[in-house]
2 protein chains.
Amino acid sequence: MDTNTVLGDDLTGYDPAAFERPSVTVDVVAFTAKNDRLHVLLVRRGVAPFAGAWALPGGFVKMDEDLDDAARRELSEETGLTANVHLEQLYTFGKPGRDPRTRVISVAHMALLPAPDSGLPGALAGEPHGGTDAAEAAWWPVDTLPPALAFDHAAILALALSRLRAKLGYTSVAVALLPPEFTLSELQRTYETILARPLDKRNFRKKMLAAEGLLEATPRQKRDGAHRPAQLFRFTNREPVFLG
Amino acid sequence: MDTNTVLGDDLTGYDPAAFERPSVTVDVVAFTAKNDRLHVLLVRRGVAPFAGAWALPGGFVKMDEDLDDAARRELSEETGLTANVHLEQLYTFGKPGRDPRTRVISVAHMALLPAPDSGLPGALAGEPHGGTDAAEAAWWPVDTLPPALAFDHAAILALALSRLRAKLGYTSVAVALLPPEFTLSELQRTYETILARPLDKRNFRKKMLAAEGLLEATPRQKRDGAHRPAQLFRFTNREPVFLG
DNA sequence: TTAATAGTGTCTCTTAGACACTATTAT
DNA sequence: ATAATAGTGTCTAAGAGACACTATTAA
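Below, the structure is looked at part by part. Since the model is a prediction, treat every value here as computed from it, not as a measurement.

Right, let's talk about the packing of helix α3 (residues 184-195) of chain B against helix α4 (residues 201-210) of chain B for a bit. The relative placement of two packed helices comes down to the angle between their axes together with the axis-to-axis distance. Residues and elements named next belong to chain B. Their axes nearest at 11 Å, the elements α3 and α4 cross at an angle of 105°. By the angle between their axes, α3 is roughly perpendicular relative to α4. Across the interface between the two elements, L184, S185, L187, Q188 and Y191 from α3 touch K201, F204, R205, M208 and L209 from α4. Grouping the amino acids of the contact of α3 with α4 by side-chain chemistry returns six nonpolar, two polar and two charged.

Below, the structure written as structure tokens:
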């Protein structure tokens, strides 16, 4: 709960100044798949500590703001994107000393964005553009990160990555990284990008098409280059769902 | 991270009084299996709001205390138990208004305790005894809970329960609910208690014994009543592990 | 001998994974 | 014709789940 009934914890007639309180922030691990590589959004810090280092986007939770609203706000300040973003809470990092200045408890979130080059309305979908601040923001391939991330952000990122990979196996999270319509090859490339290993084409297609309530064929095809056009599919549910 | 580089978020020379901050608490969903039923630890609130209602044990995170240390402390204040407790972070609940008094962000944890009647050293292992406060604390069967839990604690409990059930399938969390040595029937009853459904005895034993690095037979047997004695087993790892 | 729990094997069905060729298009 | 990607089926091995009887003990 919020308080137990220990006398010292009684909040009736509570004086907000009576106890020292930690700061609460949200950090966002935003992934996207571009150029067949998984990328994460990082911002470069302008001030100490870790000035000049790359860090996850994040910031304070406002007093009247839900945690995922705060995460969404921080993300949109960096990317300008709010629609089509899958957001989920990851873990809360609160070890004393993780921020050298003061006690900071950070609720880490994972965000998944459709690939910026996926032809969504609004050409810069998923493109970081500095947002409301002048800080540098960029998509970094997860297999080629800058040398030292600020704070404990390397650990947060590692957790997000393992969670994403795990969820790929039993949910349809890939929805959140793909445009509304896509080919089975594009879907497979997304899986391969995230898992960082090749998958067998026939087995992959068999499994995806066999999954109950996952994919629907559209009447459209995608024709690309000098090869056979590909059937376009869409996800039955726009939200990621559990797969039995 | 903790701050991005938005000007207003610059914490250099930070004045702790400059921003209003939420309160941060931990809540603990403590499970144990007794009398072939899954139980959760609840405390009765003595003060408003929700005076007289049952609630999860919890309380403020101290300024120099890690989140899971806070959870462990709150739990031990209710149960007196610190050893042999498996504790993991569950989810952070922070919706404005979830506590009618002030903004409270609560980091919920799940704890698993060995059954109190399992013959551990210290006869009251897992028995709640009011701890440092005078509040009433009791183990409630999860299928017969008191009518209305305080705050959003029913949702927290529901989440913990589904997490526990899910983890039973792919980890050895059951370690944390059993004494060091146990029979396969006891192990099966623990699973059935948590999942609230019967399992096939032959399939269950086949699977458990086939699991690599999970169980070890001890040279001991348990003889109980008027029937064949049972082989005692122990877990190879005292910590819950992932099962491939 | 009875009541109570421990312990044991087979069959079927589903799923995962290895594996190679044909189809269609633009140039 | 060639290069490039789409699309397709079979076999095997492993795991999940249905299913019923014998073994050992205390009373």
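Picking up where we left off.
We now examine the packing of aromatic side chains. Residues and elements named next belong to chain B. Counted according to the given criterion, the structure contains twelve aromatic pairs over all chains. For the ring pair F50 and F151, a centre distance of 4.9 Å and an interplane angle of 50° mean the geometry is tilted. In this pair, F50 is assigned in the loop between β2 (37-44) and β3 (54-55) and F151 in the loop between β7 (137-141) and α2 (153-170), connecting sequence segments 101 residues apart. Seen in terms of ring centroids, Y191 and F204 are 5.3 Å apart; in terms of plane orientation they differ by 70°. Their pairing is edge-to-face. Placement of Y191 in helix α3 and of F204 in helix α4 is noted, with a sequence separation of 13 residues between them. Here Y191 and F204 have matching classes, each one buried.

Near DNA strand C lie 23 residues; those nearest to it are R228 of chain A together with S185, K201, R205 and H227 of chain B. At the protein interface, 43% of the atoms of DNA strand C within 4 Å belong to sugar or phosphate. The contact in question runs from a phosphate oxygen of DNA strand C to an N or O atom on the side chain of R205 of chain B, over 2.5 Å. Every element with two or more residues in the surface near DNA strand C is listed here: α4 (201-210) of chain A together with α4 and β10 (230-235) of chain B. Top contributing element to the surface near DNA strand C by residue count: α4 of chain B, with five residues. Residues that form the surface near DNA strand C fall into these classes: five nonpolar, seven polar and eleven charged.

The next subject is the layout of surface pockets. A volume near 1500 Å³ is recorded for the largest pocket. Considering the residues around the largest pocket, the lining is formed by 42 residues, among which R163 and Y170 of chain A together with R163, K167 and Y170 of chain B are closest to the centre. Counting only elements with at least two residues in the lining of the largest pocket, the list comes to β5 (86-93) and α2 (153-170) of chain A together with α1 (67-79), β5 (86-93) and α2 of chain B.

Let us look at the protein's contact with DNA strand D. Around DNA strand D, the surrounding shell holds 23 residues, and the nearest of these are S185, K201, R205 and Q231 of chain A together with R228 of chain B. When atoms of DNA strand D within 4 Å of the protein are split into backbone and base, the sugar-phosphate part holds 42%. Take K201 of chain A: an N or O atom from its side chain is 2.7 Å from a base nitrogen of DNA strand D. Here a base oxygen of DNA strand D sits 2.9 Å away from a polar atom, N or O, in the main chain of A226 of chain B. Those elements that provide at least two residues to the surface near DNA strand D are α4 and β10 (230-235) of chain A together with α4 of chain B. A per-element tally of the surface near DNA strand D places α4 of chain A first, with five residues. Taken together, the residues of the surface near DNA strand D sort by class into five nonpolar, seven polar and eleven charged.

Bringing α2 of chain A into the picture now. All names here are of chain A. Taking 1.5 Å as the rise per residue, α2 with 18 residues should run 26 Å; its terminal C-alpha atoms sit 26 Å apart, in good agreement. Every buried residue of α2 is listed here: H153, I156, L157, A160, L161, L164, K167 and L168. Along the axis of α2, the buried positions cluster into a sector of 135°, meaning they face one direction only. The elements touched by buried residues of α2 are β1 (23-34), β2 (37-44), β3 (54-55), β5, β6 (104-112) and α3 (184-195).

Quick notes on the rules
- Residues numbered from 1 in each chain as written.
- Chains lettered and ligands numbered in written order.
- Predicted model: local features only at pLDDT ≥ 70, side-chain atom pairs only at ≥ 80, totals over all residues.
- Heavy atoms only, no water.
- Axes fitted to C-alpha atoms, helices over the stretch in contact; angles between N-to-C directions.
- Helix = DSSP H or I, 4+ residues; strand = E, 2+ residues; numbered from the N terminus.
- Parallel < 35°, antiparallel > 145°, perpendicular 65-115°, else oblique.
- Contact = heavy atoms within 4.5 Å.
- Nonpolar A, V, L, I, M, F, W, Y, C, P; charged D, E, K, R; others polar.
- Phe/Tyr/Trp six-rings, centres within 6.5 Å; stacked < 30°, edge-to-face > 60°.
- Buried < 20%, exposed > 50% of the residue type's maximum accessible area, 1.4 Å probe, protein only.
- Near = heavy atom within 4 Å.
- Polar contact = N/O pair within 3.5 Å; in protein donor to acceptor, adjacent residues only side chain to side chain.
- 1 Å grid on protein atoms, 1.4 Å probe; cavity = no way out; pocket = protein on both sides within 12 Å on 5 of 7 lines; lining within 4 Å.
- Points joined across faces, edges and corners; volume = space filled by probe spheres on them.
- Expected span 1.5 Å × (residues − 1).
- Arc of directions from axis to C-beta.

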